[in-house]
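Coordinates in review
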Amino acid sequence: MKNPLQTFGFQILTSSKTGEPALPRLSRRGFIALSASLGSSCSMISSAKTDANDQVAKVDPASAPARTTANTTYRTPQVRGPVPRNPDLNLPASGPTSGITFSRVAVSQPYIAITFDDGPHPKNTPRLLDMLRERNVRATFYVIGRNVDLYPNVLRRTVSEGHEIGNHTYSHPILSKLGDSTVRDELLKCRDAVARAAGVKPRTLRPPYGALLQRQREWVHRELDYPTIMWSVDPLDWKRPGPSVVTSRILSNTTPGAIVLAHDLHSSTVDAMPATLDGLLNKGYKFVTVSQLLAMGNQTAPGQVASGQ
Ligand code: NI
């Protein structure tokens, strides 16, 4: 007998383990199809899960609705307990590890790189992209691969508007606690998600929470050619101190060659950006991407550290 739910487009999943009809469960696709057929968008998705052994009724891919920002879920990465802050702030800008880790770059002109972590976000990132475009500012986005898979269009726009993409892992774990093969998987999965979405590869790595052991930084650099990018200006915007505090912290701490850390995940950070970007531009700073900033540093002759006036 046809289950009444099927009349509305739901798929009924059965268990192949027991051969018995399982309790009707709703598949995600069925739920979305129903939403679409009712002509409404829905930001909530059924939490029903399917096992690998479940038999799923065949669905014509052409009839499956495309993922949009309205029908995908997004979860703010949860941070529990104190997170390590940048332990490299006191390192010199040049030295034996300068090719592997950068917190800032020695430059002779007022160039800076502003970076945004943890996106793409379906609303905040496009809003930020508008602000950057209005001011002709280029930024670097350290994206989470999982979010790239959810919002590939946002990443495509980011790339098409001239911004640089960096690797911020696939699922935002604390890499320093993980084995090499898991770290490698996290980085490669993020890289592949970026390549799938926008046809580019991340150029540099920012480890979540800045947590990456020196030994890990060395093999990642050797194997994947990623320099580890930390930061020299941290407004602690993830604590959501309010837009004006974020702005004043960035304006008062930025110096030439700075790498500024911010998060396009948080709407209050994006709210802070018009005043922050205008303030930095008024002070004469010129925005470049992280790779551009690194290239400027590499032009400095060995032993010569450009003064950061
Ligand atoms: Ni992060």
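The preceding data block contains the structure.
Keep in mind it's a predicted model, so treat the numbers as computed, not measured.

Here the focus is the nonpolar core. Residues I114, F116, L132, F141, V143, M273 and L277 are the most contacted members of the largest nonpolar core, which totals 33 residues. Those elements that place two or more of their residues in this core are β4 (111-117), α3 (124-134), β5 (140-143), α6 (180-198), α8 (243-253), β8 (259-263) and α9 (267-282). Counting residues per element, this core draws most heavily on α9, which supplies five residues. Those residues within four positions of M273 in sequence are excluded, and the remaining contacts are I114, F116, L128, M131, I250, A262 and D278.

Once that is clear, we can look at the coordination of the nickel ion. Donor atoms from the polypeptide that bind the nickel ion are D118 (OD), H168 (NE2) and H172 (NE2), placed at 2.1 Å. Each donor residue of the nickel ion lies on one chain, and together they are spaced D-x49-H-x3-H. Here H168 lies in the loop between β6 (164-167) and α6 and D118 lies in the loop between β4 and α3, a separation of 50 residues in the sequence. The residues D118 and H168 share a single accessibility class, namely buried.

Moving on, we come to the pattern of salt bridges. Applying the stated criterion across every chain yields a total of twelve salt bridges. The residue D130 makes a salt bridge to R157 at a minimum N-O spacing of 2.6 Å. On the criterion of sequence distance, the pair formed by D130 in helix α3 and R157 in helix α5 (residues 152-160) is long-range, its members being 27 residues apart. On the basis of relative accessibility, which here comes to 22%, the residue R157 falls in the partly exposed class. A salt bridge links R135 to D278; the shortest N-O distance between them is 2.6 Å. Of this pair, R135 sits in the loop between α3 and β5 while D278 sits in helix α9, and the two are 143 residues apart along the sequence. For R135, a relative accessible area of 18% corresponds to the buried category.

So, how was this worked out
All residue numbers refer to position in the chain's written sequence, counted from 1. Local features in this predicted model are restricted to residues of pLDDT 70 or higher, and side-chain atom pairs are both shown and tallied only at a pLDDT of 80 or more, whereas totals for entire chains, interfaces and linings draw on every residue. Each side-chain value is worked out from all heavy atoms of the structure, with water and hydrogens disregarded. Buried residues of nine kinds, namely Ala, Val, Leu, Ile, Met, Phe, Trp, Tyr and Cys, make up a nonpolar core once their side-chain atoms join them within 4.5 Å. Exposure categories follow from relative accessible area, calculated using a 1.4 Å probe and restricted to protein chains: below 20% of the type maximum is buried, above 50% is exposed, and the middle band is partly exposed. Here a strand is any run of E in DSSP of at least two residues, a helix any run of H or I of at least four, and the numbering for each starts at the N terminus. A contact between two residues is defined here by any heavy atoms of the two lying within 4.5 Å. With water omitted from the atoms examined, metal sites may look incomplete; donors here are N, O and S atoms no farther than 2.8 Å from the metal, or 3.2 Å in the case of Na, K and Ca. Between Lys or Arg on one side and Asp or Glu on the other, a salt bridge is scored when a side-chain nitrogen of the former is within 4 Å of a carboxyl oxygen of the latter.

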